[in-house]
Amino acid sequence: MSKSRGLVILYEDLCDHWIRWAKEAQITNLGVHKIAVSGDGTVSSIGSLLEALEKPDGRKIISELEKAGITVEYELHSLSWLLPRDLIDKNKELFRLNKEGVRTNDMSFCPSNKLAYEIISERAYEFAKKLQQTSHNYFLWPDDMTNGECNCEKCKANGYSGADTGILFANAVAEGVRAYDSKAKAAYIAYADAKCLPSIKPSENVFLEFAPMDRDHNKPMNAQDDDRGVEYINLLEGLLKIFPAETSHVLEYWFDNALYSDFKKPPVKIPFNEYVMDEDMKMYTSYGIGKIKSFGSYIDEEYFNLHGNPPIGAYGDILAKYIEI
């Protein structure tokens, strides 16, 4: 079984320190997340990433990380690029029908629309071709949304849940990236609207990415007094009956300083809880999951100037304790 010890950081946070920090953390995989320039979907995460990478020094640190033997991957909310919002002017049926009975491009899409599926797949191929990453894993996520279901007659008749919409989206992405790379696989992220079990079968090259963002980050997930933790564990156990544990990924938030900084700068000194991470790692690996990472955003040159080095060594030691490469 292939294993990985990872971290996901913001493209905006890339700085020379990360060459050293990544090695200190003993990570094998570094995910790069890009924040869209605007929050309304008019400028997508993918669009802003591609623009940044095309600048003269846009890939400098990424190239240095790869030379150091670290696999760089990209983890992005991608739907607004894969299904451009302005297509609503040409075909409203591509987008979801909200509860007020209006077709809207504010988030998501209509999962019953075959043309939407085809556009997403074709654009996923185009993105993979532009990116030319060495990893075969593509983490292209739907919108960061809750209550983004489509209420059209077809979707209601099909009984599509947020998880079903997520599977259909992941299947479309998987088809597109596989057309570029015969070994490509696409993530289905269990997050936001997808906090239930899907009724639709994932494609063979779709893998699970379990991302419990709204858990209680101050206690282990399996703490006896944590109802949210119990719900997430039940969800994970159900998902592992659909997705093989050996291909599944966990995306946690133990090191996510944006979360602890309330998504505001300047960043606080990261309150890294080693006990919680250790207990969670013990639980995740007991299920046979060997690909585990955390968000690690808001750790950059500004962080270093304010707080010095982050506790990246302690983070890496816990990963290495449970995942031997």
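Residues numbered from 1 in each chain as written. Predicted model: local features only at pLDDT ≥ 70, side-chain atom pairs only at ≥ 80, totals over all residues. Heavy atoms only, no water.

A few words now on the pattern of salt bridges. Note that side chains of opposite charge can pair when their charged atoms are close. Per the counting criterion, the structure on display carries 20 salt bridges. Ionic pairing is found between Arg 123 and Glu 126, a salt bridge with its closest N-O pair at 3.8 Å. Note that Arg 123 and Glu 126 are positioned in helix H5 (residues 114-131) at a spacing of 3 residues, about one turn of the helix. Here Arg 215 ties to Glu 252 by a salt bridge, and the two come within 2.7 Å at their closest N and O atoms. (Salt bridge = Lys/Arg side-chain N within 4 Å of Asp/Glu carboxyl O. Helix = DSSP H or I, 4+ residues; strand = E, 2+ residues; numbered from the N terminus.)

Two elements in contact, helix H1 (residues 17-24) and helix H3 (residues 60-67), have axes separated by 10 Å at closest approach and are oriented at 30 degrees. As far as their axial angle goes, H3 and H1 are roughly parallel. For the crossing formed where H1 meets H3, the hand is right-handed. Side by side, H1 and H3 meet where Trp 18, Ile 19 and Ala 22 of the first sit next to Ile 61, Glu 64 and Leu 65 of the second. When grouped by side-chain class, the residues that make up the contact of H1 with H3 number 5 nonpolar, no polar and 1 charged. (Axes fitted to C-alpha atoms, helices over the stretch in contact; angles between N-to-C directions. Parallel < 35°, antiparallel > 145°, perpendicular 65-115°, else oblique. Left-handed = near helix turned anticlockwise from the far one by under 90°. Contact = heavy atoms within 4.5 Å. Nonpolar A, V, L, I, M, F, W, Y, C, P; charged D, E, K, R; others polar.)

This paragraph deals with the sheet that holds strand S2 (residues 29-33). Overall, parallel pairing links the 8 strands, which are arranged S1-S2-S3-S6-S7-S8-S9-S10 in a closed barrel. Taken pair by pair, the neighbouring strands of this sheet meet at an average axis angle of 30 degrees, ignoring direction. By the bridge criterion, 3 bridges tie strand S3 (residues 71-77) to strand S6 (residues 137-141) in an arrangement that is parallel. Across the sheet, His 77 pairs through a bridge with Trp 141, a residue of S6. (Pairing = 2+ DSSP bridges.)

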